[in-house]
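# Structural description and commentary
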Amino acid sequence: MNKDRLLEAFQKLGKVLMAPVLILPISGILVGIGSAFSNPNLIKSVPFLGNTFFNYFFQILKAAGNVVNDHIPVIFAISIAYGFAKSEKGTAALSGFLGYMTMNTVMGTFLTLRGTITPEELLTGQKSILGVLTLDTGVFGGILIGLLVSYLHNRYYKIELPPVFSLFNGTRFIPVVTIIVSCFAGLAMSFIFPPIQSGLNISSEFIVATGSFGAFAYGFLERMLLPFGLHHFIYLPFFFTSLGGVADIGGEVVEGAVNIYNAILNTPGAMFDISVSRFLMNGKVIFAMFGLPGAAFAIYKTALPENRKKIGSLMIAVVIPCALMGISEPLEYSFLFVAPALFGIHAVFSGIAYLLTYIVQFNVVGSASFGGPFMSLIFNGILGADKGSNWLWVFPLGISYFLIYYFVFKFAIEKWNLKTPGRVLETEDGVQEEIGKEESEFLDTLILAVGGKENIDKVDACFTRLRLTLKDPKDVKDKDFFINKLHANGVVNVPSGIQIIYGNKAAVYKTEMREYLNME
């Protein structure tokens, strides 16, 4: 695989990995609200929050939010299988769940029989996953199964087996092969993953030992990899694996920065830990809420007078999601390509933001997993003050960052005559690409035989029949054409369309037609 294809593959993986991450904000918000308003110290100050109704309400909010938090690995398995599947994505998602549970069940059963897992006394790295006692492979296990299932799915979802096994033709083969392969994956992981766990724990201890320098490097690299779409690979391992720490919270051992922070939120008396907070983007609260808005103001001020009204509207539009939700990419991309030097400065300032928040132990996290900078500042910062959020640091750090970004960006733009938005009178339109599509001769003939693409409303299949719902069922060829030219075993005309009998090939033809017609 050459460099371009490898980069493309990593970019696609990063995009797919973001799907489960984007589920986390609602979870973080629910847990944050539930934890904040059921806090014993707050209840002492506001006694009515302790009555039965509010107690039940906020406990239910926490429980609902933790549905996602407690099952992140299986969500990764399902999302990756779904995201990478070329077609028939529902089957891939189901197989992702089956594969993940099969791997864990086989691994847990094998290790229990060997005596490595003792149900009455689970060790660190062992836990119950959806009722199965097994090794806690975290998101690594979910990602592994998701990639494995997507590979099997894309290779075999059109398979035609010998007649004796033809019941499992097409997509019906995917759950079967997934379960079989996942059994071997579970056995392999029983031997492979314990050393990986040990290595991750050692790496975590080393990273923690780097202190403020590690915080700077984390923030700097996370931003620098953004243009390549690879920044997810910096923070995701810290979010969900022992690289982000292992901690005993309320008598339960948890690993991964997201899980530890959630456990702290859920546990009365547990205090925030800067070694965890730095991996959950506490520095982003400063540069996203204050620094980048300062940069946007500099871009507005340096724009040509005749362009300022338009640029002002643009900057407002990109600042709002940046400051409130931490969605900084639209603002960053407004100057990334036209003035990459500014992005380099921004990456350095981002790293310094992580360093400063580490030094002052600013425990307000900015990750989208907890609702983004603004929501986190309210529910985890202000309402979590008694847990050691140190949220008041947001004012001196934030104001300083707004001014630093504004003056540095303004100076650099004017000094180097950078062509940021609004500094030129004309813009060039992008080049529209035309994408071709390879067609199958068989499918062309079949589609023409039923009246063309425009005549097809729906494509489906049962065990033996390709079922086509047509706009005009009369606009089809006669039965002999399907039998003689398209090798059908028979045809059944129905009021809504036509059913073409292909035996166990029907499932494969259904999939091919859906792909060809861009149906899902």
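Keep in mind that what you see is a predicted model, and the values were worked out from it rather than measured. (Residues numbered from 1 in each chain as written. Predicted model: local features only at pLDDT ≥ 70, side-chain atom pairs only at ≥ 80, totals over all residues. Heavy atoms only, no water.)

On to the overall build of the chain, then. A count of helices and strands for the chain gives 21 helices and eight strands. Looking at the 520 residues of the chain, the share that counts as buried comes to 50%. Within the chain, counting contacts between residues at least 6 apart in sequence, those at least 24 apart form 72% of the total. Element-wise, carbon and sulfur atoms account for 64% of the exposed surface of the chain, whose accessible area totals about 24,900 Å². (Helix = DSSP H or I, 4+ residues; strand = E, 2+ residues; numbered from the N terminus. Buried < 20%, exposed > 50% of the residue type's maximum accessible area, 1.4 Å probe, protein only. Contact = heavy atoms within 4.5 Å. Areas by Shrake-Rupley, 256 points an atom, 1.4 Å probe, with all protein chains shown as cover.)

Summed over all chains, the structure comprises 32 aromatic pairs. When the centroid spacing of 5.8 Å and the interplanar angle of 70 degrees are considered together, the rings of tyrosine 218 and tyrosine 354 count as edge-to-face. Here the residue tyrosine 218 occupies a position in helix α9 (residues 211-224), and tyrosine 354 occupies one in helix α16 (residues 340-359), the gap between them amounting to 136 residues. Judged by relative accessible area, which is 0%, tyrosine 354 ranks as buried. Ring geometry for phenylalanine 239 against phenylalanine 240: centres 5.8 Å apart, planes inclined by 85 degrees, an arrangement best described as edge-to-face. Here the aromatic cluster, defined as three or more aromatic residues joined through ring pairs, consists of Phe335, Phe343, Phe349, Tyr401, Tyr405 and Phe409. If you follow lysine 89 out to its NZ or CZ, it ends over the ring of tyrosine 82, 5.2 Å from the centre. (Phe/Tyr/Trp six-rings, centres within 6.5 Å; stacked < 30°, edge-to-face > 60°. Lys NZ or Arg CZ within 6 Å of the ring centre and 35° of its normal.)

The next thing to look at is the nonpolar core. Within soluble globular proteins, side chains that are nonpolar tend to cluster in buried spots. Phe239, Leu280 and Leu342 are the most contacted members of the largest nonpolar core, which totals 76 residues. Looking at this core element by element, the count peaks at 10 residues for helix α13 (residues 282-302). Sequence-distant contacts of leucine 342, that is, excluding residues within four places in its chain, are made with Phe335, Phe409, Ala412, Ile413, Leu418 and Thr420. Counting residues in each nonpolar core, the second largest holds 23 residues, with Leu446, Val450, Val476 and Tyr502 among its members. (Core = buried A, V, L, I, M, F, W, Y, C linked by side-chain atoms within 4.5 Å.)

For phenylalanine 379, the position within the fold is in helix α17 (residues 372-382). Distance from phenylalanine 379 to leucine 30, taken between C-alpha atoms, is 9.7 Å for residues 349 residues apart in sequence.

Time to look at unusual backbone geometry. Located in the positive-phi region is leucine 130, a residue other than glycine, with phi close to 50 degrees. Positionally, leucine 130 belongs in the loop between β1 (126-129) and β2 (132-135). One non-glycine residue, histidine 487, adopts positive backbone phi at about 60 degrees. With respect to the helices and strands, histidine 487 occurs in the loop between α20 (479-485) and β7 (490-494). Judged by its relative accessible area of 62%, histidine 487 falls in the exposed class.

With that settled, consider helix α7 (residues 138-156). Relative to the 27 Å expected for 19 residues at 1.5 Å per residue, α7 spans 28 Å between its end C-alpha atoms, a close match to the ideal helical length. Taken together, the buried positions of α7 are Gly138, Val139, Gly141, Gly142, Ile143, Ile145, Gly146, Val149, Ser150, Leu152 and His153. (Expected span 1.5 Å × (residues − 1).)

Turning our attention to the pattern of salt bridges. Under the counting rule described, the total for this entry stands at seven salt bridges. Glutamate 88 is paired through a salt bridge with arginine 514; the nearest N and O atoms lie 3.5 Å apart. Residue glutamate 88 is located in the loop between α5 (72-84) and α6 (89-114), and its partner arginine 514 is located in helix α21 (residues 506-516); the two are separated by 426 residues in the primary sequence. Take glutamate 88 and arginine 514: they sit in the same class, and that class is buried. A salt bridge links glutamate 414 to lysine 410; its shortest N-O distance comes to 3.2 Å. Taken together, the residues glutamate 414 and lysine 410, both in helix α18 (residues 394-415) and four residues apart, mark about one turn of the helix. Relative accessible area serves as the criterion here: at 43%, glutamate 414 is assigned to the partly exposed category. Residue classification places lysine 410 among the partly exposed residues on the basis of a relative accessible area of 23%. Three or more residues are tied together by salt bridges with common partners; here these are Glu88, Asp460, Lys510 and Arg514. (Salt bridge = Lys/Arg side-chain N within 4 Å of Asp/Glu carboxyl O.)

The next thing to look at is the sheet that holds strand β8 (residues 497-501). Spatially, four strands are ordered β5-β6-β8-β7 in an open sheet, and the strand pairing comes out antiparallel. A strand with exactly one partner marks an edge of an open sheet, and here the two such strands are β5 (456-461) and β7. For this sheet, the mean angle separating the axes of adjacent strands, direction not counted, is 15 degrees. Bridging between strand β6 (residues 465-470) and β8 involves five bridges; their strand directions are antiparallel. By the bridge assignment for β8, leucine 466 is matched with isoleucine 500. (Pairing = 2+ DSSP bridges. Axes fitted to C-alpha atoms, helices over the stretch in contact; angles between N-to-C directions.)

All quantities given are derived from atomic positions and should not be read as evidence of function.
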